[in-house]
Amino acid sequence: MHLGALFIASHVLTSGSVRETARRFQLSPSTVSTAIHNLETELAMTLTERASGELAMLIASGRVLEGLKPIMAAIGELGQWAGHDGASAEIDESWTSRIPVKIVTMERFLEVADQGSINRAARRLRLGQPQLSLQLANLEKFLNHRLFERQAQGSVLTEEGRRAYQIFMAISQAWNDLKSSADERYRRTARSLRIGSIIPTGSESWVARCLGSLVSEWNARRNNNEISLVSMTADDLREALKNGRIDVAILDSVFGLESFRHRELLQTDMVVIAPPDSTETNVTDLVAGHAICMPSPRTGLGHAAMAFSYERAPNRRRRGQDITAADSLPVIVDLVANHGYVSFLGRVSAMPIADKVRIVDLDEHLPMSYHVAFNHRKAAADACTVIIEAAARITSESVVRAIRPVDAGARETAA
């Protein structure tokens, strides 16, 4: 990472715009984008993301920007010392954004200054003495200052070299502070097993209980890999699995899993969930008489349910105005339970909330399946086995709980 790229990246984090930074420094947008990407790579963290074509700053960018402040101050001092401050003593941004001095070069300069000898520093750095000498000569040429006096006993800092030492030491210390946090994050990430799942309907859902069982059993075994959990839509899960941001994904569709290792988690069918006080006995009447809140089309369930509901009410007035799509299943359940909406769920997801909503069967059987996909890590495959076993156990328990009241009523009648 060189100082010019750090200066560029800092301005992007401040302005929130690649193009504005490129115009200001008279650089290509690709150069600016590369600078911010290199900073993210060095720090092992994501600082920005694209949203509707705009660059959005993530929470981490604020902490990094704060950590870059002493580096930016030192770079400004470097520009003034090198004679690149403007008429109003402001930094020459065009020059500063193109500083080719790498942090590793500065640290090698500091090592030579501390050792008082190019030869001793080269041995400690495991570099060839000619290579190190050339780097120092190029640094002096760029700064237009002589930094060392070569003497018989070694290399001694000149007055300009002592000034450079102070500036480079400030940059090195601030950079190492940023990097040390990043290195610890990287170690935690390398140990972590990242599990992504579709969004549970609530704490009682089979998805939430499967993940809870996974974490409990995983930690009880004292595995070396820490578990981290995230919930998102099926589309986002596939993309995260593809990009390596997660290791395991629980999805409500097999679509798009051809390139991943995957196993079927469980089978079910689609049902309608309706308000508890609703009286309609068939799906057509329910769809016609209530506003609909659908799972998002970015989910496997939502894609199938949206098509089904449109087929059921082809002549429905203002149909598009009272069909709402939502990524949040807890919100959907609340709309059905408390606000008169109807929606669609897999039966296995609807059964745990049967005390809050009416479950109405479709006129025709519409099968659904849930799958778990995973990458090449052995820990990911092990986690999948635990998840599959937990899903089988939890869903069978749900069936027993649903059947038991009926059995009790039948026994009373027989008696």
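Residues numbered from 1 in each chain as written. Predicted model: local features only at pLDDT ≥ 70, side-chain atom pairs only at ≥ 80, totals over all residues. Heavy atoms only, no water.

For the protein chain, the helix and strand inventory stands at 16 helices and 13 strands. Expressed as a percentage of its 415 residues, the buried residues of the protein chain come to 47%. For the protein chain, the exposed area adds up to about 21,000 Å²; of that, 49% sits on carbon and sulfur atoms. (Helix = DSSP H or I, 4+ residues; strand = E, 2+ residues; numbered from the N terminus. Buried < 20%, exposed > 50% of the residue type's maximum accessible area, 1.4 Å probe, protein only. Areas by Shrake-Rupley, 256 points an atom, 1.4 Å probe, with all protein chains shown as cover.)

It is worth spelling out the environment of Trp95 at this point. Along the chain, the position of Trp95 falls in helix H5 (residues 93-96). Each C-alpha atom of the pair Trp95 and Phe25 lies 8.8 Å from the other, and the pair is 70 residues apart in sequence.

For the rest of this paragraph, the subject is the pairing of strand S8 (residues 261-274). Looking at chain direction, S8 and strand S13 (residues 367-374) are connected through eight bridges and run antiparallel. Bridge pairing links Leu266 to Tyr370 in S13. Where S8 meets strand S11 (residues 343-346), four bridges bridge the pair, whose relative direction is antiparallel. Within S11, the position partnered with Met270 by the bridge is Gly346. In the sheet, S8 pairs with strand S12 (residues 358-361) via four bridges, with the strands oriented antiparallel. If you follow Ala274 over to S12, its bridge partner there is Arg358. (Pairing = 2+ DSSP bridges.)

Attention now moves to the confidence of the model for the protein chain. With 86% of its residues at a pLDDT of 70 or more, the protein chain shows a mean pLDDT of 84. Low pLDDT, under 50, characterises residues 402-415; the predicted model gives this stretch one contact beyond four residues in sequence or across chains. (pLDDT = per-residue confidence, 0-100. Contact = heavy atoms within 4.5 Å.)

Let us look at the packing of helix H1 (residues 3-15) against helix H4 (residues 59-81). It is at 9 Å that the axes of H1 and H4 come closest, and there the two elements cross at 130 degrees. Compared by their axis directions, H1 and H4 come out oblique. The handedness of the crossing between H1 and H4 comes out as left-handed. Residues Leu3, Leu6, Phe7, Ser10, Leu13 and Thr14 of H1 form the contact with H4, whose own contacting residues are Ser61, Val64, Leu65, Leu68, Ile71, Met72, Ile75 and Leu78. Classifying every residue of the contact of H1 with H4 by side-chain character gives eleven nonpolar, three polar and no charged. (Axes fitted to C-alpha atoms, helices over the stretch in contact; angles between N-to-C directions. Parallel < 35°, antiparallel > 145°, perpendicular 65-115°, else oblique. Left-handed = near helix turned anticlockwise from the far one by under 90°. Nonpolar A, V, L, I, M, F, W, Y, C, P; charged D, E, K, R; others polar.)

It is at 8 Å that the axes of helix H6 (residues 103-115) and helix H7 (residues 118-125) come closest, and there the two elements cross at 125 degrees. Of the possible angle classes, the one that applies to H6 and H7 is oblique. The way H6 lies across H7 gives a crossing that is right-handed. Contacts between H6 and H7 involve Arg108, Glu111, Val112 and Gln115 from the first element and Ile118, Arg120, Ala121, Arg124 and Leu125 from the second.

Every buried residue of helix H11 (residues 234-243) is listed here: Ala234, Leu237, Arg238, Ala240 and Leu241. Buried residues along H11 cover an arc of 165 degrees about the axis, so they all sit on one side. (Arc of directions from axis to C-beta.)

Looking now at empty space enclosed by the protein. One pass over the full model with this rule turns up one cavity of 30 Å³ or more. Counted as a void, the largest cavity has a volume near 160 Å³. Surrounding the largest cavity, 22 residues form its lining, Ile198, Ile199, Asp252, Leu301 and Leu329 being those nearest its centre. Looking at the lining of the largest cavity, the elements that each hand over two or more residues are helix H10 (206-220) and S11. Looking at the lining of the largest cavity, its residues break down into 13 nonpolar, seven polar and two charged. (1 Å grid on protein atoms, 1.4 Å probe; cavity = no way out; pocket = protein on both sides within 12 Å on 5 of 7 lines; lining within 4 Å. Points joined across faces, edges and corners; volume = space filled by probe spheres on them.)

Attention shifts here to the packing of aromatic side chains. If you walk through the whole model with that rule in mind, you get five aromatic pairs. Residues Trp95 and Phe142 carry aromatic rings whose centres are separated by 5.5 Å and whose planes lie at 5 degrees to one another, so their mutual orientation is stacked. Here Trp95 is found in helix H5, whereas its partner Phe142 is found in helix H8 (residues 129-143), with 47 residues between them in sequence. The exposure class assigned to Trp95 is buried, which follows from its relative accessible area of 13%. Put simply, the rings of Phe109, Phe148 and Phe168 pair up and form one aromatic cluster. (Phe/Tyr/Trp six-rings, centres within 6.5 Å; stacked < 30°, edge-to-face > 60°.)

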